[in-house]
Amino acid sequence: MNKNPFLIMSALMAIGLLSGCVQHTHNWGETTYTWANDNSTCTAERVCKGDNNHKETETVSTTFQEITAPTCEGDGKGRYSADFSSEAFADQTKDVVLSHLGHSYGAPTYTWSDDNKTCTAKRVCTRDENHVEEETVNSAYQVITPATVEADGLATYTATFSNDAFVLQTKNITLPKDVYATKPHLSADGETVQYGLYPQTNVNDSSLVSELNELTDPEANGWYLYNDEYYAKTVAKPHENNYKFDNGTLITKDETYWFKCEPIVWKVLSNNEGECYLVSLTLLDVHKYDDDKNSYDESSIHSWLSNDFFSAAFALGNDNILETTVDNSGSTTDSDDNPYSCNETHDNVFMPSYKDYMNESYGFAHTTADSDSRCCKTTDWTRARGAYAEQNTNPFYNNNGYYWTRSPYSGDSGFTWCVTHFGNIYSEEGSEVDSKENSVRPAINIFFD
Ligand SMILES: [Zn+2]
Ligand SMILES: [Zn+2]
């Protein structure tokens, strides 16, 4: 009996060599399987019901397999597998959710409409080109620097998106300079406006004159377009034979001269929230008032201003001219009871009245006496066309003209009120309605867009 190995084992156990266990047939409980937090390992364990110090454990590294790949918006499925070497333990699997990936958008692109009024932002997922985020917004427009006659301006379109993925877009555009003054341009000091085009300065370049002489097809208003500039020509009939152009050339009777059409500069008489009353800064042309009478509404100068002058000067743009209800009553002349006053007229272009030229708020002297405030120069064009021009060693008075007001003189149907080269408002000799050497100083009312 002593040789029975079981008895020897029992004896050894009995004396505590196997942790005090008593030899028996294990009665294993259920195996538990415990996954590591990261599922990289799995531990199987079973405990003997007869003695919970009797344990069998095995920990194995797992393998991973993707069952269903996750997409941008859809979760996928993965499976960890644990294969135990002990036959006592069953192989285990654990399925896990593979979270959807979210879109992987490429860099946004921004596309402006042709008129820049809208901008479209778009981004496309690099994993699936059908995954697109797109937003179209209306842009805001702001003029940063207005264009002038001489220089380009700058404006900006700004597009703001509600999607945080898209950043604010700006697009700068050049406002091309308005070389023909098709729109009114207020000077920085607010004193003058450039608007409209009219022949003014004699062309002194002999090669240019030769080229202009080759032109045969004038525009509707009689001007010629050459190298993007407008020119007009006239046969000179100077009032005196000693008159000169500003460039010093003597103006020779019956000779044909060319003149560059240049933006008309207007003096701002009043500016009421962008509506301006303007009178030309120079004497733009020469024309008789009428053949025989001083009634403005029926005068030939009224017709000439409304038709010839208006259609020439504003051929390229007249949208900003306000039709003016012109008061031709006696109160605008030297006498409230002026027998030659007439009905109001409705004009795009007209001439200031006697009273206008005495209105201090317009910057004119309050009396009819000589005043520099009313002095006004003829242009090369005007002198070639027969205007009177003061010849004076004082540059301020040299080439000053003698120009019409629209107002009839109350004492004689053949006379008007004119302004002399010294700025005197005058109704005697030289103010006859048929004086051919008197200049025209047009006036307009405009608004700014
Ligand atoms: Zn046991
Ligand atoms: Zn996507």
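Above this note sits the structure.
Note that the structure is a prediction, hence the values are computed from the model and not measured.

Considerations on empty space enclosed by the protein
Applying the stated criterion to the full structure yields one cavity of 30 Å³ or more. Here the largest cavity defines a volume of roughly 40 Å³. In terms of residue class, the lining of the largest cavity is built from four nonpolar, five polar and one charged.

Side note on the coordination of the zinc ion (ligand 2)
Of the protein atoms, only Cys72 (SG), His103 (ND1), Cys125 (SG) and His131 (ND1) coordinate the zinc ion (ligand 2), at distances of 2.2 to 2.3 Å. Each of the four donor atoms around the zinc ion (ligand 2) contributes to a set of angles spanning 92 to 126 degrees, which defines the coordination as tetrahedral. Within one chain, the residues serving as donors to the zinc ion (ligand 2) are arranged as C-x30-H-x21-C-x5-H. Taken together, the residues cysteine 72 in the loop between strand 4 (63-68) and strand 5 (76-82) and cysteine 125 in the loop between strand 8 (118-124) and strand 9 (132-138) connect sequence positions 53 residues apart.

Describing helix 3 (residues 300-313)
When the local axis directions of helix 3 are compared, the greatest deviation, roughly 25 degrees, occurs at serine 306. Ile301, His302, Trp304, Leu305, Phe309, Phe310, Ala312 and Ala313 are the residues of helix 3 that are buried.

Focus on the layout of surface pockets
The computed volume of the largest pocket comes to approximately 390 Å³. As for the largest pocket, its lining consists of 14 residues, and the residues nearest its centre are Pro146, Ala147, Pro184, His185 and Phe448. Residues that form the lining of the largest pocket fall into these classes: eight nonpolar, three polar and three charged. The space that makes up the second largest pocket amounts to roughly 160 Å³.

A short note on the sheet that holds strand 5
Backbone hydrogen bonds hold the strands of a sheet together, and the pairing may be parallel or antiparallel. Pairing is antiparallel in the open sheet, where three strands are placed in the order 4-5-6. Edge strands, defined here as strands with exactly one partner in the open sheet, are strand 4 and strand 6 (92-98). Going from strand to strand, the sheet's axes swing by 25 degrees on average, the running direction of each strand aside. Two elements, strand 4 and strand 5, share five bridges in a ladder whose sense is antiparallel.

Concerning the coordination of the zinc ion (ligand 1)
Coordination of the zinc ion (ligand 1) by the protein is provided by His24 (NE2), His26 (ND1), Cys48 (SG) and His54 (ND1), with metal-donor distances spanning 2.0 to 2.4 Å. The site at the zinc ion (ligand 1) holds four donor atoms, and with the angles between them running 97 to 125 degrees, its shape is tetrahedral. Each donor residue of the zinc ion (ligand 1) lies on the same chain, and together they follow the pattern H-x1-H-x21-C-x5-H. With histidine 26 in the loop between helix 1 (5-14) and strand 1 (32-35) and cysteine 48 in the loop between strand 2 (41-47) and strand 3 (55-61), this residue pair connects regions lying 22 residues apart in the sequence. Relative accessible area serves as the criterion here: at 37%, histidine 26 is assigned to the partly exposed category. What makes cysteine 48 buried here is its relative accessible area of 3%.

Observations concerning the packing of aromatic side chains
Under the counting rule described, the total for this entry stands at 31 aromatic pairs. Look at phenylalanine 64 and tyrosine 80: their rings are 4.8 Å apart centre to centre, the planes differ by 50 degrees, and that puts the pair in the tilted class. Note that phenylalanine 64 is positioned in strand 4 and tyrosine 80 in strand 5, a separation of 16 residues in sequence. On the basis of relative accessible area, tyrosine 80 is assigned to the buried category, the value being 18%. When the ring of tryptophan 223 is compared with that of tyrosine 230, the centres are 6.2 Å apart and the planes differ by 65 degrees; the resulting orientation is edge-to-face. Overall, tryptophan 223 belongs to the buried group, its relative accessible area being 5%. Taken together, Tyr180, Tyr198, Trp223, Tyr230, Phe245, Tyr257, Phe259, Trp304, Phe309 and Trp381 form an aromatic cluster joined through their ring pairs. Between lysine 267 and the ring centre of phenylalanine 364, over which it is positioned, the NZ or CZ distance is 5.7 Å.

Conventions and cut-offs
- Residues numbered from 1 in each chain as written.
- Chains lettered and ligands numbered in written order.
- Predicted model: local features only at pLDDT ≥ 70, side-chain atom pairs only at ≥ 80, totals over all residues.
- Heavy atoms only, no water.
- 1 Å grid on protein atoms, 1.4 Å probe; cavity = no way out; pocket = protein on both sides within 12 Å on 5 of 7 lines; lining within 4 Å.
- Points joined across faces, edges and corners; volume = space filled by probe spheres on them.
- Nonpolar A, V, L, I, M, F, W, Y, C, P; charged D, E, K, R; others polar.
- Donors = N, O, S within 2.8 Å, 3.2 Å for Na, K, Ca; no water.
- Tetrahedral: all angles 85-135°; square planar, octahedral: opposite > 155°, others 65-115°.
- Helix = DSSP H or I, 4+ residues; strand = E, 2+ residues; numbered from the N terminus.
- Bend = angle between axes of the 7 residues up to and from the residue.
- Buried < 20%, exposed > 50% of the residue type's maximum accessible area, 1.4 Å probe, protein only.
- Pairing = 2+ DSSP bridges.
- Axes fitted to C-alpha atoms, helices over the stretch in contact; angles between N-to-C directions.
- Phe/Tyr/Trp six-rings, centres within 6.5 Å; stacked < 30°, edge-to-face > 60°.
- Lys NZ or Arg CZ within 6 Å of the ring centre and 35° of its normal.

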